[in-house]
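# What the coordinates show
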Amino acid sequence: MPIADETSPDASALAQLLRWYADMGVDAAIDAAAHDRFAETAAAKTAIREQIHEPRPPRPPATRQPPTAAPHKAKPVVAPLAADVVVQSAAEAAASAQNLDELRAKLLAFDGCGLKATATQLVFADGNPEAPIMFVGEAPGADEDRIGRPFVGRAGQLLDKMLAAIELDRSKVYIANIVPWRPPGNRTPTPLEAAACLPFLRRQIALVNPKILICLGKPSCHTLLPTKDSMMRLHGRWFDYDVDGFTILALAMLHPAYLLRTPAQKGLAWADLRALAKKMKTLGINF
Ligand code: URA
């Protein structure tokens, strides 16, 4: 055991440092090796685009390059291949699930998303799988990670109040997230994490087959809808969401966690809820 000298931090200094890390949101040791997040992000964006938004643009025809004087040693690019492989294996696993129980089991067995390693447990869904309305949030937080159900913390309590405002509750809706594992420190899921989990979420949406899909907040809207507009432009707008050969109406809505941070915007959320209630009436959804 190393002998402490006068330059070694004492236990209380180390405890203070750990507390500071926790306060800053660093609550899990992830990896000893550095990652090229830029390459991962580029690869994940391509994977998401190929899954739902648009086919990969055609490559320009190969041109013959004149030989260069000094041979250039290319840096191996590992991440794009890894992202492709992860997304492919996720797509195969998700497609083979014939019902939500099987999908949950496939996710439990899936090791392609790094979030699984730091989360306490899978947070698959809550609510009624037969419901005509499905909400998709961002990611589980600390409370959801502990309890194993989405939207059980403060944002979830506000979501319950928003539902109640238009006579809905969890027995009438189904709730899931873009990623089913808590990101350390509640950070936003990276594009690679979202891409790895997307085939499962798309299969979950297809199996629930709601009449209306609500995308709560920016990560949900930007992952599921073909837009990168800000939430101020997006909220209240309707989209067509295509999955497994059918089209579902999708509404962009402000996330309850955003409304907790910015209560002055609750009026905007109320307008979105009224738009949802009106659409439910038009579609003959009543309970
Ligand atoms: N809890 C969730 O389950 N999802 C969110 O997006 C926020 C809180």
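Residues numbered from 1 in each chain as written. Predicted model: local features only at pLDDT ≥ 70, side-chain atom pairs only at ≥ 80, totals over all residues. Heavy atoms only, no water.

## Considering the overall build of the chain
Helix and strand counts for the chain come out as twelve helices and six strands. In the chain, which comprises 287 residues, the share counted as buried stands at 40%. Sequence-distant contacts in the chain: of pairs separated by 6 or more residues, those separated by 24 or more amount to 74%. Of the roughly 16,400 Å² that the chain leaves accessible, carbon and sulfur atoms contribute 56%. (Helix = DSSP H or I, 4+ residues; strand = E, 2+ residues; numbered from the N terminus. Buried < 20%, exposed > 50% of the residue type's maximum accessible area, 1.4 Å probe, protein only. Contact = heavy atoms within 4.5 Å. Areas by Shrake-Rupley, 256 points an atom, 1.4 Å probe, with all protein chains shown as cover.)

## Some words on the pairing of strand S6 (residues 246-253)
Of the strand pairs in this sheet, strand S4 (residues 212-216) and S6 are connected by five bridges, and their pairing is parallel. The residue of S6 that forms the bridge with Cys215 is Ala252. Pairing between strand S5 (residues 238-243) and S6: six bridges, direction antiparallel. From the neighbouring strand, Phe239 faces S6, where its bridge partner is Ala250. Linkage of S5 to S6, two consecutive antiparallel strands, is achieved through a turn of two residues, within which Asp244 is found at a positive phi near 45 degrees. (Pairing = 2+ DSSP bridges.)

## Thoughts on the packing of aromatic side chains
With the rule as written, the count across this model stands at two aromatic pairs. Judged by centre distance (5.9 Å) and plane angle (50 degrees), the rings of Trp20 and Tyr21 are tilted. Relative accessible area serves as the criterion here: at 36%, Tyr21 is assigned to the partly exposed category. (Phe/Tyr/Trp six-rings, centres within 6.5 Å; stacked < 30°, edge-to-face > 60°.)

## Observations regarding the packing of helix H4 (residues 100-109) against helix H8 (residues 191-208)
Any two packed helices are characterised by the angle at which their axes cross and by the distance between the axes. At a minimum axis distance of 10 Å, the contact between H4 and H8 shows a crossing angle of 170 degrees. With respect to each other, H4 and H8 are oriented roughly antiparallel. For the pair H4 and H8, the contacting residues are Leu100, Leu103, Lys106 and Leu107 in the first and Phe200, Arg203, Gln204, Leu207 and Val208 in the second. When grouped by side-chain class, the residues that make up the contact of H4 with H8 number six nonpolar, one polar and two charged. (Axes fitted to C-alpha atoms, helices over the stretch in contact; angles between N-to-C directions. Parallel < 35°, antiparallel > 145°, perpendicular 65-115°, else oblique. Nonpolar A, V, L, I, M, F, W, Y, C, P; charged D, E, K, R; others polar.)

## A few points about the site of the ligand
Neighbouring residues of the ligand: Gly137, Glu138, Ala139, Pro140, Glu144, Pro150, Phe151, Asn177 and His255. Here Glu138 contributes a backbone N or O atom positioned 2.7 Å from an oxygen atom of the ligand. His255 places a side-chain nitrogen or oxygen 2.7 Å from an oxygen atom of the ligand. When isolated, the ligand has an accessible area of 240 Å², and the protein chains bury 91% of it. Taken together, the residues that form the shell around the ligand break down as four nonpolar, three polar and two charged. (Near = heavy atom within 4 Å. Polar contact = N/O pair within 3.5 Å; in protein donor to acceptor, adjacent residues only side chain to side chain.)

## Some points on the nonpolar core
In terms of nonpolar packing, the biggest core is built from 68 residues, with Phe135 and Leu224 touching the most fellow members. In this structure Phe135 touches Leu159, Leu163, Val173, Tyr174, Ile175, Ala176, Ile214, Leu216 and Leu276, once residues within four positions along its chain are discounted. (Core = buried A, V, L, I, M, F, W, Y, C linked by side-chain atoms within 4.5 Å.)

## Section: the sheet that holds S5
The mixed open sheet is built from six strands, whose spatial order is S1-S3-S2-S4-S6-S5. Among the strands making up the open sheet, the edge pair consists of strand S1 (126-127) and S5. Against the sheet, H8 makes contact with strand S2 (133-137), strand S3 (173-177), S4, S5 and S6, and its axis sits at roughly 95 degrees relative to S5, the strand it touches most.

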